[in-house]
Amino acid sequence: MAGKSSAGRTRAARRARWWQLTQRWRMVGVFEINTEHEFYSLTSMMKEGMQACIQATSNTEGQVGRKDFFVYFSIQGFEMHTFAAPVFATLRHSLDISEQEFINSLCPKANYLQFISNSKSKADFFLTYDKRFFLKTQSKREVRFLLSNLRHYMDHLEKYPHSLLVRFLGRPRRRFMDEYFIVMQSVFYPHDRINNRYDIKGCEVGRWTDPETGGKQVIKVLKDNNFKEQSIVLGPEKSWFERQVKADTTFLQDLNVLDYSLLLAQQPLHQDELEGKHSFVLKVLNHLRCPIELQEFHEHHRRLLPNFKNAVHVIDGLEWRYFVGIVDIFTVYSIKKRLENLWKNLRYPGRVFSTVRPAKYSQRFCRWIHEHTQ
C-alpha cells in the first residue's frame, strides 16, 4: 500500500507541474494542441511523417546539389513530402544538432504547441514541446523562392558560419491539402528568462505596439518605436555584430529581398554566467596563442560563441544576453511592392516606411543597428 501511495503522489505531483506549466503557456499566447484542438490530427500525422523522412535521409548529408531530392511518406491517407532533405541535414549538422536530437525534439510523444502573437502574418505557427523549433506554414511563392535560392543560402552560411540569418532545418509538404511548412530554429531559445521581444525593421510607420495585452492571452512582440531610448550594449562584440548585419543584409539585397526583421530579446546575465563567460573567453584566447591566429579567426567571419544551445543566435554583452536573428526573408521587391512603394510615398510623404528598394532597405537597416548598438 505504501508503494502505491508513493506512486500516486508522484503522479499527482506531475499533474500539478503540468497544470502549472500549461497555465503559464496560456498567459503568453502558447496553447497545447491536445486531442480536442483543431490541429491535433494534423500535427500528430506531421510528427510521424517527419520522423520517417528524417530517418530515411540520415545518410544523405552533403548532397547539397540535389535540391530536388525528396522523401515520400504515407499513412492512413496522409501523405507528406520533404524537399531538399540532404541540404537541411547538412544545416542541422553545422549547428551540431544530431538527427536523433532533432527527432526527439520535433517528433516526441508530447503534443505540439500553437503560438499566437500580434504578428500580421496569416501563417500558422507551431512550436515543438521544448520550444526549440518553430514550424510555420508557407505559400507556394515562398517555397519556390527558398528552393531556387537554396544554393546561395548555403554558400552564404558556409562563408559566414555565425551569420544572423534564421536557420531553416526542414521543408515538409502535406500532399492533397497542398500545405507547406518550414522548420526553423527558434531565435528565442531557451525562452525562460526573456521578458520583452522586439521585431525591428529600421523604420517608423506602423512600428509601435501597445505593450498592454488588455487581458488577451497573446505574446506582445514590440517594434522599433517601442525600442526608443534603448541600446544593444555589446562592448567588444559591437564591431563584429555590425559587420555581420552588413554582410547578411547585402546578401538579401542581392536576392532583391526587403521587409525582413531583426528579432531581438534580452535577459540579464547572472553573476555565475558573467564569470563563466570571462573564463571561456580567456580559455579561447589562450588557445589562440598568437595575434596571427586571432586575426585569422576574425577574418573567417567568426566570433566567440557562448557555450550555449542556439549559440548562433545568442550574443553576450557586458551585462545582458541578447537573442538576435534576421527573419522573414522571403519578400521580393516585385511589381506589387513597387506599386505599394508609390502609394506609401503619397500616403506618408517624408515618413520612413518599410516598403522601399532593397538597397535602401539594407542601408537603413544597418544604420538603425549602428545607431542603437554600443
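Keep in mind it's a predicted model, so treat the numbers as computed, not measured.

**With respect to the pattern of salt bridges**
So, point 1. Applying the stated criterion to the full structure yields 13 salt bridges.
So, point 2. For Arg207, the salt bridge identified is with Asp224, shortest N-O distance 2.8 Å. In this pair, Arg207 sits in the loop between β10 (197–200) and β11 (221–223) while Asp224 sits in the loop between β11 and α7 (238–254), placing the two residues 17 residues apart along the sequence.
So, point 3. The network of salt bridges with common partners includes Glu101, Arg132 and Lys309.

**Some remarks on the pairing of strand β9 (residues 179–185)**
So, point 1. Within β9, six of the seven residues are buried, which leaves it mostly tucked inside the rest of the structure.
So, point 2. Taken together, the six bridges between strand β6 (residues 133–138) and β9 define a ladder with antiparallel strand orientation. Bridge pairing in β9 links Lys136 to Ile182.
So, point 3. Alignment of strand β7 (residues 168–170) against β9, held across two bridges, turns out to be antiparallel. Bridge pairing links Phe168 to Met184 in β9.

**Points about helix α11 (residues 358–371)**
So, point 1. Between its first and last C-alpha atoms α11 spans 20 Å; for 14 residues at 1.5 Å apiece the expected length is 20 Å, and the two agree.
So, point 2. When we look at burial in α11, the residues that qualify are Pro358, Tyr361, Ser362, Arg364, Phe365, Cys366, Trp368 and Ile369.
So, point 3. Considering only its buried residues, α11 is in contact with β10, α7, β12 (261–268) and β14 (320–327).

**A word on empty space enclosed by the protein**
With a probe scaled to a water molecule rolled over the atoms, the places where space remains empty come into view.
So, point 1. Counted under the stated rule, the structure contains three cavities of 30 Å³ or more.
So, point 2. Here the largest cavity defines a volume of roughly 140 Å³.
So, point 3. Forming the walls of the largest cavity are 15 residues, and the residues nearest its centre are Ile54, Thr82, Arg92, Gly170 and Arg171.
So, point 4. Going through the elements one at a time, α2 (40–56), α3 (85–94), α4 (99–106) and β7 are the ones with two or more residues in the lining of the largest cavity.
So, point 5. For the lining of the largest cavity, the per-class residue count stands at ten nonpolar, three polar and two charged.
So, point 6. Reported here for the second largest cavity is a volume of approximately 70 Å³.
So, point 7. Lining the second largest cavity are Phe145, Leu146, Asn149, Tyr153, Phe168, Phe251, Leu252, Leu255, Ile329 and Phe330.
So, point 8. At the level of secondary structure, the elements contributing two or more residues to the lining of the second largest cavity comprise α5 (140–148) and α7.
So, point 9. A breakdown of the residues in the lining of the second largest cavity according to their chemical character gives nine nonpolar, one polar and no charged.

**A closer look at the sheet that holds β12**
So, point 1. Pairing within the open sheet is mixed, and its five strands lie in the order β11-β10-β12-β14-β13. The sheet terminates laterally at β11 and β13 (314–316), the two strands that pair on one side only. Mean inter-strand twist for the sheet, computed between neighbouring axes without regard to direction, equals 30°.
So, point 2. Pairing of β10 with β12, which is carried by four bridges, proceeds in the antiparallel orientation. Across the sheet, residue Arg197 finds its bridge partner in β12, namely Ala265.
So, point 3. Sitting on the sheet, α7 is in contact with β12, β13 and β14, with an inclination near 10° to β14.

**Some remarks on the nonpolar core**
So, point 1. If you look at the biggest cluster of nonpolar residues, it comprises 91 residues, and the most contacted ones within it are Met50, Leu106, Phe168, Phe241 and Ile326.
So, point 2. Shared between two domains, this core takes at least three residues from each, and those domains are domain 1 (21–185) and domain 2 (196–372).
So, point 3. In this structure Leu106 touches Lys47, Met50, Ile54, Tyr112, Thr128, Phe133, Leu135 and Val183, once residues within four positions along its chain are discounted.

**Digging into α7**
So, point 1. Between its first and last C-alpha atoms α7 spans 25 Å; for 17 residues at 1.5 Å apiece the expected length is 24 Å, and the two agree.
So, point 2. Those residues of α7 that sit buried are Trp240, Phe241, Glu242, Gln244, Val245, Ala247, Asp248, Thr249, Phe251 and Leu252.
So, point 3. Among the structural elements, α6 (150–159), β12, β13, β14 and α11 are those in contact with the buried residues of α7.
So, point 4. Just downstream of α7, Asn256 is the residue with a positive phi angle, here 65°.

**Points about the pairing of β6**
So, point 1. Within β6, six of the six residues are buried, which leaves the element mostly enclosed by the surrounding structure.
So, point 2. By the bridge criterion, three bridges tie strand β5 (residues 125–127) to β6 in an arrangement that is antiparallel. Bridging from a neighbouring strand, Phe126 pairs with Leu135 of β6.
So, point 3. Once β5 ends, the chain turns through five residues before running back antiparallel as β6, passing Lys131 with a positive phi of about 65°.

**Some thoughts on the confidence of the model for the protein chain**
So, point 1. Mean pLDDT over the protein chain works out to 82, with 76% of the residues at or above the 70 mark.
So, point 2. Counting contacts from residues 21–27, a segment whose pLDDT is below 50, to residues more than four positions away or on other chains yields twelve contacts.
So, point 3. Predicted confidence for residues 64–69 stays below pLDDT 50, and this span has 15 contacts to residues more than four positions away or in other chains.

**Considering the side chain of Arg92**
So, point 1. Position of Arg92 relative to the elements: it lies in helix α3.
So, point 2. Sequence-distant contacts of Arg92, that is, excluding residues within four places in its chain, are made with Ile54, Ile97, Glu99, Phe102 and Leu169.

How each quantity is defined
- Residues numbered from 1 in each chain as written.
- Predicted model: local features only at pLDDT ≥ 70, side-chain atom pairs only at ≥ 80, totals over all residues.
- Heavy atoms only, no water.
- Salt bridge = Lys/Arg side-chain N within 4 Å of Asp/Glu carboxyl O.
- Helix = DSSP H or I, 4+ residues; strand = E, 2+ residues; numbered from the N terminus.
- Buried < 20%, exposed > 50% of the residue type's maximum accessible area, 1.4 Å probe, protein only.
- Pairing = 2+ DSSP bridges.
- Expected span 1.5 Å × (residues − 1).
- Contact = heavy atoms within 4.5 Å.
- 1 Å grid on protein atoms, 1.4 Å probe; cavity = no way out; pocket = protein on both sides within 12 Å on 5 of 7 lines; lining within 4 Å.
- Points joined across faces, edges and corners; volume = space filled by probe spheres on them.
- Nonpolar A, V, L, I, M, F, W, Y, C, P; charged D, E, K, R; others polar.
- Axes fitted to C-alpha atoms, helices over the stretch in contact; angles between N-to-C directions.
- Core = buried A, V, L, I, M, F, W, Y, C linked by side-chain atoms within 4.5 Å.
- Domains from an automatic or database assignment.
- pLDDT = per-residue confidence, 0-100.

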